[in-house]
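# Coordinate inspection notes
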Amino acid sequence: MKKITFIIVSFFLLSSIQGQDSEQKAKEILTKISAETNTYKNMSFKFTLGIKSSDINETQNGDATISGDQFYYQTNDRKVISDGESVWTYMKEDNECYIDDINDLSDGLNPSEIMTIWEDNFKVNFLDEAITNNETIQRIKLFPIDVKNSKYHTVILKVNEAKKQIKSATIKTKDG
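Throughout what follows, the structure given in this document is the object of discussion. (Residues numbered from 1 in each chain as written. Predicted model: local features only at pLDDT ≥ 70, side-chain atom pairs only at ≥ 80, totals over all residues. Heavy atoms only, no water.)

### Concerning the overall build of the chain
To keep things clear, this is the line we draw: A run of H or I in DSSP counts as a helix once it spans at least four residues, and a run of E counts as a strand once it spans at least two, with each numbered from the N terminus. Remark: exposure states derive from per-residue accessible area (1.4 Å probe, protein chains only) relative to the maximum for the residue type, with buried under 20%, exposed over 50%, and partly exposed in between. By definition, residues are in contact when any of their heavy atoms lie within 4.5 Å. Where accessible areas are quoted, they stem from the Shrake-Rupley method and a 1.4 Å probe; at the residue level, only the protein chains shown are allowed to cover.
Looking only at helices and strands, the chain has two helices and ten strands in total. Split into buried and exposed, the 176 residues of the chain put 26% on the buried side. Contacts spanning at least 24 positions in sequence make up 30% of the contacts within the chain whose residues lie at least 6 apart. Carbon and sulfur atoms make up 50% of the accessible area of the chain, which amounts to about 12,300 Å² in all.

This is how it looks when you write it as structure tokens:
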């Protein structure tokens, strides 16, 4: 009986240590990305936005520019501009522009959030590392600390280890 108890306790201790190592490794990687990102005055990048849910399955390509809290991005069907306080969304097909206070857009994702989303309100976990197209890509999973009040379910980041940059982010929201 003592032998079984020792094995069970050892298993839980080992799992706990591995979990702490995984969290620490993820934090170290993300700290380096934050430090690198904070050196930039602004950023421009191209992206592919895939939206999948029970009634939507679409992919759009776009480009974005971020400078502090201000951002601009465009996709196939819209242009979005924010000065950090207001957001102007121009819908190409309808030839209409909507103006919102940035704080009223609880469902929207501010592109600048992607670059530092882990800094507040998330627990982190290092998943794995692989070489893809001669790049070492590290995957990190983020979980909201306050699950009840977060709009996110999980976030999976793929990080280019050498550049200390996010290569991709898969963001899962609570609404599916």
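Once you've had a look at it, read on.
### Re the pairing of strand β8 (residues 135–144)
Using the following cut-off: By definition, two strands form a pair when at least two bridges between them are found by DSSP.
The pairing of strand β7 (residues 122–132) with β8 spans ten bridges and is antiparallel. What sits directly across from I131, in β8, is T136. Joining the antiparallel neighbours β7 and β8 is a turn of two residues, in which N133 adopts a positive phi near 50 degrees. Bridge analysis of β8 against strand β9 (residues 152–160) gives six bridges, and the strand direction is antiparallel. By the bridge assignment for β9, I140 is matched with L157.

### Re the sheet that holds strand β3 (residues 70–74)
Note the threshold: Between N-to-C directions, angles span 0 to 180 degrees; the directions come from axes that are lines fitted to C-alpha atoms, helices contributing only their stretch in contact.
Pairing within the open sheet is antiparallel, and its six strands lie in the order β1-β2-β3-β4-β5-β6. Looking at strand neighbours, the two that pair on one side only are β1 (43–52) and β6 (96–101), the edges of this open sheet. Across the sheet, the mean angle from the axis of one strand to that of its neighbour is 20 degrees, orientation sign disregarded. One ladder, built from ten bridges, connects β1 with strand β2 (residues 57–67); its direction is antiparallel. From the neighbouring strand, G50 faces β2, where its bridge partner is T59.

### Comments concerning the sheet that holds β8
Pairing in this open sheet of four strands is antiparallel, and the strands run β7-β8-β9-β10 from one edge to the other. Every interior strand has two partners, whereas the edge strands, β7 and β10 (165–173), have only one. Averaged over all neighbouring strand pairs, the angle between strand axes comes to 20 degrees, with direction disregarded.

### Quick notes on a nonpolar patch on the surface
Formally: Patch membership is restricted to residues that have no salt bridge and whose relative accessible area is over 30%. Joining uses 9 Å for like charges and 5 Å for the nonpolar side chains Val, Leu, Ile, Met, Phe, Trp and Tyr. What counts as a salt bridge is simple: a side-chain nitrogen of Lys or Arg found within 4 Å of a carboxyl oxygen of Asp or Glu.
A surface patch of nonpolar side chains, about 200 Å² in accessible area, is lined by L49, I51 and I56. Within the secondary structure, I56 is located in the loop between β1 and β2.

### Things to note about the pattern of salt bridges
The tally for this structure, following the rule as stated, stands at four salt bridges. R78 is paired through a salt bridge with D77; the nearest N and O atoms lie 3.6 Å apart. The exposure class of D77 is partly exposed, given its relative accessible area of 26%. As a salt-bridge pair, E135 and K167 come within 3.0 Å of each other at their nearest N and O atoms. Of this pair, E135 sits in strand β8 while K167 sits in strand β10, placing them 32 residues apart in sequence.

### Examining the nonpolar core
Definition in use: Residues belong to a common nonpolar core when they are buried Ala, Val, Leu, Ile, Met, Phe, Trp, Tyr or Cys residues joined through side-chain atoms within 4.5 Å.
One finds W118, I140, L142 and L157 to be the most contacted residues of the largest nonpolar core, which totals 18 residues. Elements represented by at least two residues in this core include exactly α1 (2–37), β7, β8 and β9. In this structure, A64, Y73, V87 and I102 belong to the second largest nonpolar core, which totals seven residues.

### Comments concerning unusual backbone geometry
Phi at N95 is positive, roughly 55 degrees, even though this residue is not glycine. Considering the arrangement of structural elements, one finds N95 in the loop between β5 (86–91) and β6. A positive phi angle, near 70 degrees, is found at N121, a position not held by glycine. Note that N121 resides in the loop between α2 (111–114) and β7.

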